Amino acid sequence: MAASHSPSSLMSDSPAIAEAKQALRARCLSVLKTRPAGVDAVLCARLAQTLLATDHAHIACVWPLPHELDLRPLCHQLNAAGRHVLLPETPPRGQPLAFRLWTPQTALLRGRFGTQVPDGPLMRPDLVLVPLLGFDRMGNRLGYGGGYYDRTLAALPGIASMGYALAAQEVEQLPTGPYDQPLSSLVTEQESLHFD
């Protein structure tokens with residue numbers, strides 16, 4: 001499924017790129033759904049170590065859907081360390097994400113696509129944690145196909161974008177379209193990668 005990358009356009013990947021991405025999504029999603037128990041905690045610990053070594057104060061995290069890597073312990077750890085944890089609010093298709101402040105005391109409201117959205121003020125992140133289905137060593141990521149994070153990163157030029165994934169989600173080379181936004185860095189349960 002290809003996505004619009006600006007509110008007023010219906011531009012998308014070429015049919016060949018879209019088809020190649022869709023085939024990879026099925027494989028990568030299977031890896032994510034069959035991950036070993038305990039790996040989420042290992043990844044959260046590596047992310048916390050990496051993030052707390054930076055001076056980023058406003059960190060956009062992700063509240064997981066049932067099959068996704070669970071970053072909720074990381075959200076609590078960042079909050080306890082005095083960082084502002086922001087969670088995404090999914091707007092109508094074609095718009096970038098908005099981010100709202102979360103604390104453990106903040107009420108969560110039902111969002112689009114089964115997401116949870118904090119009932120907090122809108123804030124601008126200085127680092128965005130980016131979920132993904134697959135990645136390669138050139139900083140490319142394979143998302144779910146809605147284009148939300150690509151539009152968001154395009155709307156926040158220069159912002160740090162850190163992907164997070166299992167090492168098993170690595171793909172030798174991802175097909176990329178003209179609207180795909182590369183990552184600044186990526187953390188797995190085994191290593192950290194930094195991209196130019």
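This text follows the structure it describes.
Being a predicted model, the structure only gives us computed values, none of them experimental.

**What to know about the nonpolar core**
Nonpolar side chains in soluble globular proteins generally cluster together in the buried interior.
Thought 1: Residues Leu 47, Leu 51, Cys 61, Leu 74, Val 128, Leu 129 and Tyr 164 are the most contacted members of the largest nonpolar core, which totals 50 residues.
Thought 2: Tallying contributions element by element places helix 2 (residues 39-52) first for this core, with 6 residues.
Thought 3: Apart from residues lying up to four places away in sequence, Leu 47 is in contact with Leu 71, Leu 74, Leu 129, Met 162, Tyr 164 and Val 187.

**A closer look at the packing of aromatic side chains**
Thought 1: Throughout the structure, instances matching the rule amount to 1 aromatic pair.
Thought 2: A cation sits over an aromatic face here: Arg 72 above Trp 63, 6.0 Å from the ring centre.
Thought 3: In this structure, Arg 151 packs its charged tip against the face of Tyr 148, placed 4.8 Å from the ring centre.

**Remarks on the pairing of strand 9 (residues 160-164)**
Thought 1: The buried count for strand 9 comes to 4 of 5 residues, which makes it a mostly enclosed element.
Thought 2: Examined bridge by bridge, strand 6 (residues 127-130) and strand 9 share 4 bridges and lie parallel to one another. Bridged to Val 128 within strand 9 is Ser 161.
Thought 3: In terms of strand pairing, strand 9 meets strand 10 (residues 185-187) through 3 bridges, oriented parallel. Each residue of the ladder has a partner; that of Met 162, found in strand 10, is Ser 185.

**Structural notes on the sheet that holds strand 11 (residues 192-194)**
Thought 1: Strand order in the open sheet formed by 7 strands is 3-2-1-6-9-10-11, with mixed pairing between adjacent strands. If you trace the sheet from one side to the other, it starts and ends with strand 3 (98-102) and strand 11, each paired once. If you compare each strand with its neighbour and ignore which way they point, the axes differ by 25 degrees on average.
Thought 2: Direction of pairing for strand 10 relative to strand 11: antiparallel, over a ladder of 3 bridges. Directly across from Leu 186, in strand 11, lies its bridge partner Leu 193.
Thought 3: Along the sheet face, helix 3 (residues 72-80) touches strand 1 (58-60), strand 2 (84-89), strand 3 and strand 6 and points at about 140 degrees away from the line of strand 2.
Thought 4: The strands that helix 4 (residues 148-155) touches are strand 2, strand 3, strand 6 and strand 9; relative to strand 6, the one it contacts most, it runs at about 165 degrees.

**So, the pattern of salt bridges**
Thought 1: Applying the stated criterion across every chain, the model contains 7 salt bridges.
Thought 2: Linking Glu 170 and Arg 137 is a salt bridge whose minimum nitrogen-to-oxygen distance equals 2.9 Å. Here Arg 137 lies in the loop between strand 7 (134-135) and strand 8 (141-142) and Glu 170 lies in the loop between strand 9 and strand 10, a separation of 33 residues in the sequence.
Thought 3: When its relative accessible area of 29% is taken as the criterion, Glu 170 is described as partly exposed.
Thought 4: The exposure class assigned to Arg 137 is partly exposed, which follows from its relative accessible area of 43%.
Thought 5: Note that Asp 150 and Arg 141 form a salt bridge whose closest N and O atoms lie 3.8 Å from each other.
Thought 6: Looking at Arg 141, the relative accessible area reads 12%, which means it is buried.

Definitions and cut-offs
- Residues numbered from 1 in each chain as written.
- Predicted model: local features only at pLDDT ≥ 70, side-chain atom pairs only at ≥ 80, totals over all residues.
- Heavy atoms only, no water.
- Core = buried A, V, L, I, M, F, W, Y, C linked by side-chain atoms within 4.5 Å.
- Buried < 20%, exposed > 50% of the residue type's maximum accessible area, 1.4 Å probe, protein only.
- Helix = DSSP H or I, 4+ residues; strand = E, 2+ residues; numbered from the N terminus.
- Contact = heavy atoms within 4.5 Å.
- Phe/Tyr/Trp six-rings, centres within 6.5 Å; stacked < 30°, edge-to-face > 60°.
- Lys NZ or Arg CZ within 6 Å of the ring centre and 35° of its normal.
- Pairing = 2+ DSSP bridges.
- Axes fitted to C-alpha atoms, helices over the stretch in contact; angles between N-to-C directions.
- Salt bridge = Lys/Arg side-chain N within 4 Å of Asp/Glu carboxyl O.

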